[in-house]
Amino acid sequence: MKQFEGLKKYVDIKDEVREALERGKPVVALESTIISHGMPYPQNLETAKKCEEILRQEGVVPATTAIIGGRIKVGLTEEELEFMATSDKIIKASRRDYAHIVARGLHGATTVATSIITAGLAGIPILVTGGIGGVHRGAQETMDISRDLQELAGTDIAVVCAGSKSILDIGLTLEYLETYGVPVVGYTTSEMPAFYTPKSGHKVDYQYDDTDLLAQMMKTKWDLNLQGGVLVTVPIPEADAMDGEVIEKAIQEALKEAEAQGIHGKETTPFLLSKVVEVTGGDSLKANISLVLNNTRVGARLAKSYAELQ
Ligand code: PSU
Ligand code: MN
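Here's a quick rundown of the structure. Along each chain, residues carry numbers from 1 onward, in the same order as the chain's sequence is written. The lettering of chains begins at A and the numbering of ligands begins at 1, in the order of writing. Since the coordinates come from a predicted model, pLDDT governs what is reported: local features require at least 70, and pairs of side-chain atoms require 80 or more to be given and counted, while whole-chain, interface and lining totals use all residues. Water and hydrogen atoms play no part in the side-chain values, which are based on all heavy atoms of the structure.

## Describing the overall build of the chain
Going by this rule: Where helices and strands are cited, they refer to DSSP runs of H or I of at least four residues and of E of at least two residues respectively, numbered from the N terminus. To get the radius of gyration, use the C-alpha atoms; to get the globule rule, take the number of residues to the power 0.38 and multiply by 2.2 Å. For accessible areas, the Shrake-Rupley method is used with a probe of radius 1.4 Å. Any residue's cover is judged against the shown protein chains and nothing else. Neither His nor the chain ends is counted toward charge; the positive residues are Lys and Arg and the negative residues Asp and Glu. Each charge is placed at NZ for Lys, CZ for Arg, CG for Asp and CD for Glu.
Check the secondary structure of the chain and you find 14 helices and 11 strands. The globule rule puts the C-alpha radius of gyration for 310 residues at 19 Å, and the 18 Å found for the chain is close to it. Projecting the C-alpha coordinates of the chain onto the three principal axes gives extents of approximately 50 × 40 × 35 Å. Looking at the chain as shown, the accessible area adds up to about 13700 Å², and 49% of this sits on carbon and sulfur atoms. Between the centroid of the 32 positive side chains of the chain and the centroid of its 43 negative side chains there is a distance of 5 Å.

## Here we look at the site of ligand 1
The condition is simple: Put simply, a residue is near a molecule or strand once any heavy atom of it comes within 4 Å of that molecule or strand. Nitrogen and oxygen atoms within 3.5 Å of one another constitute a polar contact, given that in protein one can donate a hydrogen and the other can accept it, and given that sequence-neighbouring residues count only through two side-chain atoms. Gly falls in the polar group here, along with every residue not listed as nonpolar (Ala, Val, Leu, Ile, Met, Phe, Trp, Tyr, Cys, Pro) or charged (Asp, Glu, Lys, Arg).
Around ligand 1 lies a shell of 16 residues, among which Glu31, Lys92, Ser146, Asp148 and Thr269 are the nearest. Measuring from an oxygen atom of ligand 1, one finds a side-chain N or O atom of Glu31 at 2.7 Å. Val112 is positioned with one of its backbone polar atoms (N or O) 2.8 Å from an oxygen atom of ligand 1. Look at ligand 1: alone it shows 470 Å² of surface, and the protein chains cover 94% of it. For the shell around ligand 1, the secondary-structure elements that each account for two or more residues are helix 3 (33-38) and helix 13 (268-279). For the shell around ligand 1, the element with the most residues is helix 3, which contributes 3 residues. Split by residue class, the shell around ligand 1 holds 4 nonpolar, 8 polar and 4 charged.

## As for the side chain of Lys275
Rule in force here: By the convention used here, residues are in contact when the closest approach between their heavy atoms is within 4.5 Å.
One can find Lys275 in helix 13. Polar contacts involving the side chain of Lys275 include one to the side chain of Glu278, which spans 3.0 Å. Setting aside residues no more than four positions away along its own chain, Lys275 makes contact with Ala254 and Glu257.

## Describing the side chain of Lys92
Basically, it comes down to this: Whether a residue is buried, partly exposed or exposed follows from its accessible area with a 1.4 Å probe, protein chains only, as a fraction of its type maximum: under 20%, in between, or over 50%, in that order. A carboxyl oxygen of Asp or Glu within 4 Å of a side-chain nitrogen of Lys or Arg is what we treat as a salt bridge.
Position of Lys92 relative to the elements: it lies in strand 5 (residues 90-93). Despite its burial, Lys92 remains without a salt bridge, the nearest opposite charge being carried by Glu267 at 7.0 Å.

## Focus: unusual backbone geometry
Each neighbour pair has its own omega, and for Tyr41 with Pro42 the value is 5°, a cis peptide bond. Position of Pro42 among the secondary structure elements: in the loop between helix 3 and helix 4 (43-57).

## Side note on helix 11 (residues 211-223)
Keep this limit in mind: A helix's residues, less one, multiplied by 1.5 Å, set its expected span. The arc in question is the one spanned by the directions pointing from the helix axis to the C-beta atoms.
In this model helix 11 runs 18 Å from its N-terminal to its C-terminal C-alpha over 13 residues, within 8% of the 18 Å that 1.5 Å per residue would give. Listing the buried residues of helix 11 in full gives Thr211, Leu214, Ala215, Met217, Met218, Lys221 and Trp222. Within helix 11, the buried residues cover an arc of 155° as seen down the axis, which keeps them to one side. Packing partners of the buried residues in helix 11 comprise strand 7 (126-128), strand 8 (158-161), strand 9 (184-187), strand 10 (206-208), strand 11 (230-233) and helix 14 (283-309).

## With respect to the pattern of salt bridges
Scanning the model with the defined rule gives 16 salt bridges in all. Residues Lys73 and Asp12 are paired through a salt bridge, measuring 2.9 Å at the closest nitrogen-oxygen approach. With Lys73 in strand 4 (residues 71-74) and Asp12 in strand 1 (residues 11-13), the pair connects residues that are 61 residues apart, well separated along the chain. Linking Arg56 and Glu16 is a salt bridge whose minimum nitrogen-to-oxygen distance equals 2.9 Å. With Arg56 in helix 4 and Glu16 in helix 2 (residues 15-22), this residue pair connects regions lying 40 residues apart in the sequence. Taken together, the shared-partner salt bridges in this structure form one network comprising Asp12, Arg71, Lys73 and Glu80.

## So, the nonpolar core
This is how the line gets drawn: Buried Ala, Val, Leu, Ile, Met, Phe, Trp, Tyr and Cys residues form a nonpolar core when they are joined through side-chain atoms within 4.5 Å.
In terms of nonpolar packing, the biggest core is built from 61 residues, with Ile126, Met218, Val232 and Leu302 touching the most fellow members. The next biggest cluster of nonpolar side chains, apart from the first, holds 43 residues, and it includes Val17, Val74, Tyr98 and Ile170.

## Observations regarding a negative patch on the surface
Basically, it comes down to this: Like-charged residues are merged into a patch within 9 Å and nonpolar side chains (Val, Leu, Ile, Met, Phe, Trp, Tyr) within 5 Å, provided each residue has over 30% relative accessible area and no salt bridge.
There is a patch of like negative charges on the surface, built from Asp209, Asp210, Asp212 and Glu308. Following the sequence through the fold, Asp212 ends up in helix 11. When its relative accessible area of 39% is taken as the criterion, Asp212 is described as partly exposed.

## Notes on the packing of aromatic side chains
Operational definition: To pair, rings of Phe, Tyr and Trp, with the six-membered ring standing in for Trp, must have centres within 6.5 Å; the planes then decide the type, stacked if under 30 degrees apart, edge-to-face if over 60, and tilted in the middle.
For the structure on display, the rule yields 3 aromatic pairs. A ring pair is formed by Tyr176 and Tyr180, whose centres lie 4.8 Å apart and whose planes are at 35°; its orientation type is tilted. When its relative accessible area of 18% is taken as the criterion, Tyr176 is described as buried. For the ring pair Trp222 and Tyr306, a centre distance of 5.8 Å and an interplane angle of 80° mean the geometry is edge-to-face. Of this pair, Trp222 sits in helix 11 while Tyr306 sits in helix 14; the two residues are 84 residues apart in sequence, bridging distant segments of the chain. Looking at Tyr306, the relative accessible area reads 12%, which means it is buried.

Keep in mind these values describe shape, not function.
Following this line, the structure appears as structure tokens:
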């Protein structure tokens, strides 16, 4: 909160979020690229609202992050959520876009990378998302590595996600995280989940089945000044998981289409996601919503466990 005092010029922290932070009550940050560029309307708005509802039911204050009219927002009103879900004037904001969007008074949806930055400004220790960005397939040539990884490596935060989408190279993503010292935890699993499916064939570093123990590990890491984040991966609920072969075929098709259309840079992830939804006839969207809500439940429990340690 101290750091925030100097940032008032740029940051609007919602009253309920500020109050909770001041009192040491649990707060969970939520990203907004998933709303503006990750899902179609109206499912994007419905899901965003449900995530906030789940947190509130657990006694946790939601703090969805975004940039609106150049103001950095920590916690959105219903109208602001709706704006993020419907406006076509919203820029997908990674770290390199952040200052420009703020300085020019523009609108930005925060990716995991900039949600981490924004949560960090307010001192929120937990961020919930669907899937984190990572090392893309073919990154050996394209050098397409999501900023999410560097931001996670440099900020004291736990990011709860359903693993990496299999549009990424999960093995290389894990190698990258190891180099940057980010522990990858499997919540109730020893295997890294692959977003649409609960398994990827890659082991996580450590399995935790208990959010109290996990919160202790986080606290220990930060007490020891081992700066940087913890990646908490949660498998998609079995009932909504997709067939591994079906999703792999859809991804292959999406990757081919992306190449044919010359899609690159920041457009890649949104393009692949919407293409996969198209190819799977909407099944992947259903899976996406299910895993986001599930991650939110785990994030809520983790936030409560962590708040108890303070
Ligand atoms: N995965 C999803 N939905 C999303 C994203 C990832 O299933 O909306 C978004 C997240 O905001 C993530 C970003 O931080 O994509 C990564 O984009 P890039 O690969 O361009 O870094
Ligand atoms: Mn990229």
